[in-house]
Amino acid sequence: MSVHIAPIACRDLVELVTDYLEGALPPEQHARFENHIAGCDGCTTYLEQMRETIRLTGTLSEQQISPAARAALLHAFRGWASG
Ligand SMILES: [Zn+2]
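What comes next concerns the included structure. Quick caveat: nothing in here was measured; it's all calculated off a predicted structure.

1. A word on the overall build of the protein
When helices and strands are counted, the protein shows 4 helices and 0 strands. Secondary structure elements in the protein, listed N-terminal to C-terminal, are α-α-α-α. For the protein, with 83 residues in total, the buried portion stands at 10%. Long-range pairs, those at least 24 residues apart, make up 67% of the contacts in the protein between residues at least 6 apart in sequence.

2. A look at the environment of Thr18
With respect to the helices and strands, the residue Thr18 is situated in helix H1 (residues 10-21). Residue class for Thr18 comes out partly exposed when judged on the 17 C-beta atoms lying within 10 Å of it. Put simply, Thr18 and Met50 are 32 residues apart on the chain and 8.3 Å apart in space, counted from C-alpha to C-alpha.

3. Describing the environment of Asp12
The residue Asp12 is located in helix H1 in this model. Between the C-alpha atoms of Asp12 and Phe33, which are 21 residues apart in sequence, the distance is 9.1 Å.

Basis of the calculations
Numbers given for residues are sequential positions, taken from 1 along each chain in its written order. Given that the model is predicted, a residue must reach a pLDDT of at least 70 before its local features are reported, and side-chain atom pairs must reach 80 or more before they are shown or counted; all residues, however, enter totals for whole chains, interfaces and linings. Secondary structure is summarised from DSSP: a helix means a run of H or I of at least four residues, a strand means a run of E of at least two, and numbering begins at the N terminus for each. Between the buried cut of 20 or more and the exposed cut of 12 or fewer other C-beta atoms within 10 Å of a residue's own C-beta lies the partly exposed class, and all C-beta atoms are placed from the backbone. Whether two residues are in contact depends on their C-beta atoms, placed from the backbone: they are in contact if these lie within 7 Å.

Structure below.
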């Protein structure tokens, strides 16, 4: 397939990660997510942390991502994006 895959931003990945881990993303979004992960060390680390959280807690909900944690992540993402 030679379908163009539009890139997603790190902040978009944060929004998609729970659905990704639940297998709830539509195929196109799933492909975009993995395409981003393949080229982004920061998001790879984030994804691994989320997987570890699920492994430890057995569940994952939006409530487990506190506003403070999300803000810190988004701050970190900006750092990654700038180099
Ligand atoms: Zn990223």
